[in-house]
Amino acid sequence: MLLNTLEKWMMNSPARLATQRWMDVRLFKRHCRGLQGRKALEMGIGRGRGMGLILEHFGPRAVDGFDLDPDMVVKAAHYLKNKKGQVWVGDACHMPVKTASYSAVFDFGIIHHIPNWQQALAETARVLEPGGRFFSFEMLSGFIDHPLSRALLDHPQQERFDHAAYCLALQQEGFRLIEHSHLGQVCGWYVAERQQDDNG
Ligand SMILES: C[S@@+](CC[C@H](N)C(=O)[O-])C[C@H]1O[C@@H](n2cnc3c(N)ncnc32)[C@H](O)[C@@H]1O
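### Examining helix α5 (residues 117-127)
For α5, every residue scored as buried is listed here: Trp117, Ala120, Leu121, Glu123, Thr124, Ala125 and Val127. Taken together, the buried residues of α5 touch β1 (39-43), β4 (102-108), β5 (128-139), α8 (163-172), β6 (175-183) and β7 (187-194).

And the structure:
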């Protein structure tokens, strides 16, 4: 689901970049062995600053990214024009990439915007190589259900997840949880590893 005007303004503000840099990236870096020579993907890239942080802090050979909002993708493409990787308009539920293409996938707060969020997790598991890691920052049901959030922001309202439901869904998609922390049922940070397939 696309952002409304208020949330888009918030996501494109310096405050958002600061929280991404000082909270999300710091927490994720504790559980990243380094991505030198490898490829990463960011889903829901917004204006592309997350992709810049991934290149700066995790050192992959390239980072690709996509967003449902064409306007965001134009902004990201402009910001990233001299950097390594591709951007496209796309949906996290149907990624046009081969199975096991990436060593890491990053989600800076987009899964809760997706009505069929379980499908996005299944796609994430598909595009990650076995042993690859999923770094996810998410807003939980306590935030989505809050009257202020309902009044000011647009989110899908059906079947939203709390911390336990998100951890369970990750495990059901074949992830092993490496680390998770959460602020009540407001938001949470998750690092999960794609397990080897049963047949090796
Ligand atoms: C809360 S914003 C976060 C943007 C950026 N990751 C950041 O942290 O600043 C959520 C983003 O996800 C995008 N989005 C929503 N549903 C999506 C989907 N199904 N597939 C890809 N992107 C989606 C929105 O257009 C928006 O740019």
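### Quick word on the sheet that holds β5
Across the sheet, seven strands lie side by side as β3-β2-β1-β4-β5-β7-β6; this open sheet has mixed pairing. Only two strands of the sheet have a single neighbouring strand rather than two, namely β3 (87-89) and β6. Taking each pair of neighbouring strands and ignoring which way they run, the sheet shows an average axis angle of 15 degrees. Sheet analysis places β6 next to β7, joined by eight bridges and oriented antiparallel.

### Observations regarding the pattern of salt bridges
The final tally for this structure, using the stated rule, is 11 salt bridges. Put simply, Lys75 and Asp71 hold a salt bridge, and the shortest N to O gap is 3.3 Å. Of this pair, Lys75 and Asp71 both sit in helix α4 (residues 70-79), separated by four residues, roughly a single helical turn. Taking relative accessible area as the criterion, Asp71 reaches 32% and is therefore assigned partly exposed.

### What to know about empty space enclosed by the protein
Think of a ball as big as a water molecule: rolled over the atoms, this probe shows where empty space is left. Considering all chains together, one arrives at one cavity of 30 Å³ or more under this definition. Approximately 40 Å³ is the volume found for the largest cavity. Taken together, Leu27, Phe28, His31, Glu179, Ser181, Trp189, Tyr190 and Val191 make up the full set of residues lining the largest cavity. For the lining of the largest cavity, the elements supplying multiple residues, two or more each, are α2 (14-29), β6 and β7. Per-class residue counts for the lining of the largest cavity are five nonpolar, two polar and one charged.

### Looking at the side chain of Glu138
As for its placement among the helices and strands, Glu138 is situated in strand β5. It turns out Glu138 is buried and unbridged, and the closest side chain with the opposite charge, Arg160, is 7.5 Å from it. Within polar-contact distance, the side chain of Glu138 engages the backbone nitrogen of Ile110 at 3.1 Å.

### Notes on the nonpolar core
Ranked by internal contacts, the top residues of the largest apolar core, which has 30 residues, are Met43, Phe134 and Tyr166. Mapped by element, the contributors of at least two residues to this core are β1, β4, α5, β5, α8, β6 and β7. The greatest single-element share of this core, amounting to five residues, is contributed by α5. Within the second largest apolar cluster, 23 residues are counted, among which are Phe28, Ala40, Ile54 and Leu80.

The rules we used
- Residues numbered from 1 in each chain as written.
- Predicted model: local features only at pLDDT ≥ 70, side-chain atom pairs only at ≥ 80, totals over all residues.
- Heavy atoms only, no water.
- Buried < 20%, exposed > 50% of the residue type's maximum accessible area, 1.4 Å probe, protein only.
- Helix = DSSP H or I, 4+ residues; strand = E, 2+ residues; numbered from the N terminus.
- Contact = heavy atoms within 4.5 Å.
- Pairing = 2+ DSSP bridges.
- Axes fitted to C-alpha atoms, helices over the stretch in contact; angles between N-to-C directions.
- Salt bridge = Lys/Arg side-chain N within 4 Å of Asp/Glu carboxyl O.
- 1 Å grid on protein atoms, 1.4 Å probe; cavity = no way out; pocket = protein on both sides within 12 Å on 5 of 7 lines; lining within 4 Å.
- Points joined across faces, edges and corners; volume = space filled by probe spheres on them.
- Nonpolar A, V, L, I, M, F, W, Y, C, P; charged D, E, K, R; others polar.
- Lys, Arg positive; Asp, Glu negative; His and termini not counted.
- Polar contact = N/O pair within 3.5 Å; in protein donor to acceptor, adjacent residues only side chain to side chain.
- Core = buried A, V, L, I, M, F, W, Y, C linked by side-chain atoms within 4.5 Å.

These values are about where atoms sit, not about what they do.
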